Amino acid sequence: MNVTVYCVGKVKEDFYRRAVEEYSKRLSRYCRLQIVEVADEKIPDHAGLSELEQIRNKEGERLLSKMREDSFLIVLAIEGEKMDSICFSETLDSLFVRGVSDIGFVIGGSVGLSEEILKRADLKLSFSDMTFPHQLMRVILLEQVYRAYRIMRGEPYHK
């Protein structure tokens, strides 16, 4: 199984980077994990709606250029479907049973995702109605993917 996390921007803080490394190491038992980062755009102070849309579109083009055509794409979006960890695990497991061998997750930048990315999504997933920094969201996503694999395998995971 290939799991790719497509992200806008880099993880800057060391504590987030260490957490990403830890979950990447843990996931290596279950899948081939790749993290693909694309550059984020500078957001001018007092940017208008059209400027924000242009930023989303530029970042979206960068993301789309890195994505595999045959990947099942799960986009993290606040308006997406909410699942508990067991349902998330069952969703991933059902994809594997159907023969999906490549899953991509998309984490947008600070101004969100372009319409093109949202249209490309096979599933829109929401972790909360709250907004999280995209660096923290990367850690949360990797932890939940790791938890999903543990649940699928009937392995304990309480941390």
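To be clear, the structure that these remarks concern was listed above.
Note that the coordinates shown come from a computational prediction; the quantities given were computed from them, not determined experimentally.

Moving on to the sheet that holds strand E4 (residues 102-107). With respect to topology, five strands assemble into an open sheet ordered E2-E1-E4-E3-E5, the strand pairing being parallel. Each edge of the sheet is formed by a strand with only one pairing partner; in this case those strands are strand E2 (32-38) and strand E5 (123-126). For this sheet, the mean angle separating the axes of adjacent strands, direction not counted, is 30°. Two strands pair when backbone bridges link them, and strand E3 (residues 72-82) and E4 are joined in this way by four bridges, in the parallel orientation. The residue of E4 that forms the bridge with Phe 72 is Ile 103.

Here we come to the side chain of Ser 71. Note that Ser 71 resides in the loop between helix H2 (49-66) and E3. Of note is the side chain of Ser 71, whose polar atom sits 2.7 Å from the side chain of Asp 102. Contact partners of Ser 71, with chain neighbours within four places excluded, come to Asp 102, Ile 103, Gly 104, Arg 120 and Asp 122.

This part takes up the pattern of salt bridges. Pairing between side chains becomes possible if they bear opposite charge and their charged atoms approach one another. Per the counting criterion, the structure on display carries 17 salt bridges. Glu 41 serves as the salt-bridge partner of Lys 58, at 4.0 Å between the closest nitrogen and oxygen. With a gap of 17 residues between them, Lys 58 in helix H2 and Glu 41 in the loop between E2 and H2 connect regions that are remote in the sequence. Among the ionic pairs, Arg 68 bridges to Asp 70, the shortest N-O distance being 2.9 Å. For Asp 70, a relative accessible area of 52% translates into the label exposed. In this structure, a network of salt bridges that share partners links the residues Lys 10, Glu 37 and Arg 138.

Another point: the environment of Arg 56. One can find Arg 56 in helix H2. Since its relative accessible area comes to 18%, Arg 56 is described here as buried. Linking Arg 56 and Ser 94, residues 38 residues apart in sequence, is a C-alpha distance of 31 Å. Dropping the residues within four chain positions of it, Arg 56 is found in contact with Leu 49, Val 111, Gly 112, Leu 113 and Ser 114. Looking at Arg 56, its side chain comes within polar contact range of the main-chain oxygen of Val 111, at 2.9 Å.

What follows covers the packing of aromatic side chains. In this structure the tally under the stated criterion is seven aromatic pairs. Relative to Tyr 16, the ring of Phe 15 has its centre 4.5 Å away and its plane inclined at 45°; by these criteria the two rings are tilted. When the centroid spacing of 6.2 Å and the interplanar angle of 55° are considered together, the rings of Phe 88 and Phe 105 count as tilted. Pair noted here: Phe 88 is in helix H3 (residues 85-97) and Phe 105 is in strand E4, with a separation of 17 residues, a long-range link. Here Phe 88 and Phe 105 have matching classes, each one buried.

Cut-off values and rules
Residues numbered from 1 in each chain as written. Predicted model: local features only at pLDDT ≥ 70, side-chain atom pairs only at ≥ 80, totals over all residues. Heavy atoms only, no water. Pairing = 2+ DSSP bridges. Helix = DSSP H or I, 4+ residues; strand = E, 2+ residues; numbered from the N terminus. Axes fitted to C-alpha atoms, helices over the stretch in contact; angles between N-to-C directions. Polar contact = N/O pair within 3.5 Å; in protein donor to acceptor, adjacent residues only side chain to side chain. Contact = heavy atoms within 4.5 Å. Salt bridge = Lys/Arg side-chain N within 4 Å of Asp/Glu carboxyl O. Buried < 20%, exposed > 50% of the residue type's maximum accessible area, 1.4 Å probe, protein only. Phe/Tyr/Trp six-rings, centres within 6.5 Å; stacked < 30°, edge-to-face > 60°.

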